[in-house]
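Working through the structure, step by step
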Amino acid sequence: MKPITDRQIDFMGRRKLAFIVSAAALLISIIAIFFLQLNLGLDFTGGTLIEVRYADAPSLDAIRQLLEEQGFRDVAVQTFGASTEVLIRLQQAFDPDVGDQVVSLLRDSGTDVDLVRAEFVGAQVGDQLRDQSGMGMLVALGVVMLYVAFRFQYKFAVGALMALLHDVTIVIGLFALFNIEFDLTVLAAILAVIGYSLNDTIVVYDRIREAIRTSQIDDMPAIFNEAINATLSRTLATSGTTLLVLLALLLLGGDMIENFALALLIGVVIGTFSSIYISGALLLPLRLKREDLITARKEDEEEEELP
C-alpha cells in the first residue's frame, strides 16, 4: 500500500463536519415529510386525466390559469410527447362530461383544440400503488443489506444501509420541502438512486477492505482516506458524466420526465457525497477492525486446505 501523501484529501478528518451537514439535511427532510407532507400526484391520489391536442403549441400557464378561474382545483398541465399534445390532471371526482367541458372552455378562449381522451384514476388504485411501492422499497433495502453482509461483512452492511437511507430520505424530503409533485416516475427515480448509490458505496468498500488486508498500519482513518482517494477520480468521473445526461434530460426532456430527471439529479449528488464522506466514515463508529476481515480470510483459507 502506498504511503499517504500531503496531496491526498483528508476526508476522515472532515467527517464530523460531514456528519453535521448530513444530520441537518436529514432533520429538515424528516420534518418536511411529516409536517409538510408529499405533494402526491394523480397516480397516488386518484382523479381525472384529460389529454387534448392543439393545432399550435399552447401556453401551459394560460391553460392552467383558465381552468382554475373556472373553478377546477389542483390543476396540473404538462406537455405529453409533442409540444401540441397537452395532459391535464384534475384531482377531483370523475364526470363523463368533464373532457368536453374542458375542451369547450379552451375553445372559447380562441384556440383550436381537440379532445383525445378523458380517464379516471381511482383512489383505490393509488392506495395500492403507494403501499406496494413502499413495500418494494423496503424489500430492495433489505436485499441490499443481505448482499453487502454476505459480500463483505455485517458492519459494511449496516454502513451501506444507513448511507442508502440517508440518500433516499433527503431526496424525498426535498420533494416535500419544495412541494414538488411526487408520482410514479419520481418513485422509479428513487429506486434508481438506491442502485446508483449502492454501486458507488460498494466500490469504496471493496477498496477499503483490500486496503485493510494489505496495510501494515492500524490507523483506520488513514486507511479509509487512502482507499477513498484511490477511488475518487472514478467516482467523480462517473458522477460527472451521469449529471451531464440528467441535466440534458431535465432541460430538454419535457414535462413528462422533468420530475424524474430532477429526482435522479438530486439523488446522484447526494449519493456521491454519501459514498465519499458518509459510507466510509460510518465504519469508524461501527468499530470496524482489521480482525473483522483478516479472521474471515484465514478461516476461508483453512477451509480450502482441508481435504
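Now for a description of the structure that goes with this document. (Residues numbered from 1 in each chain as written. Predicted model: local features only at pLDDT ≥ 70, side-chain atom pairs only at ≥ 80, totals over all residues. Heavy atoms only, no water.)

**Quick notes on the packing of helix 6 (residues 154–177) against helix 9 (residues 258–281)**
Direction vectors running N to C along helix 6 and helix 9 enclose 145 degrees, while the axes themselves pass 9 Å from each other. Between helix 6 and helix 9 lies a crossing of right-handed hand. Along its contact with helix 6, which presents A163, H166, D167, I170, V171, L174 and F175, the element helix 9 presents N259, L262, A263, I266, G267, I270, G271, F273, S274, I278 and S279. The residue makeup of the contact of helix 6 with helix 9, split by class, is 11 nonpolar, six polar and one charged. (Axes fitted to C-alpha atoms, helices over the stretch in contact; angles between N-to-C directions. Helix = DSSP H or I, 4+ residues; strand = E, 2+ residues; numbered from the N terminus. Left-handed = near helix turned anticlockwise from the far one by under 90°. Contact = heavy atoms within 4.5 Å. Nonpolar A, V, L, I, M, F, W, Y, C, P; charged D, E, K, R; others polar.)

**With respect to unusual backbone geometry**
Working note: non-glycine residues mostly have negative phi, and peptide bonds are mostly trans. One non-glycine residue, Q37, lies in the positive phi region at around 65 degrees. Given a relative accessible area of 48%, Q37 falls into the partly exposed group. Notably, N179 is not glycine yet its phi reads approximately 55 degrees, a positive angle. As for its placement among the helices and strands, N179 is situated in the loop between helix 6 and strand 6 (181–182). (Buried < 20%, exposed > 50% of the residue type's maximum accessible area, 1.4 Å probe, protein only.)

**Here's the deal with the side chain of S274**
One can find S274 in helix 9. Among all residues touching S274, those that are not within four sequence positions of it are A163, H166, D167, S197 and S279.

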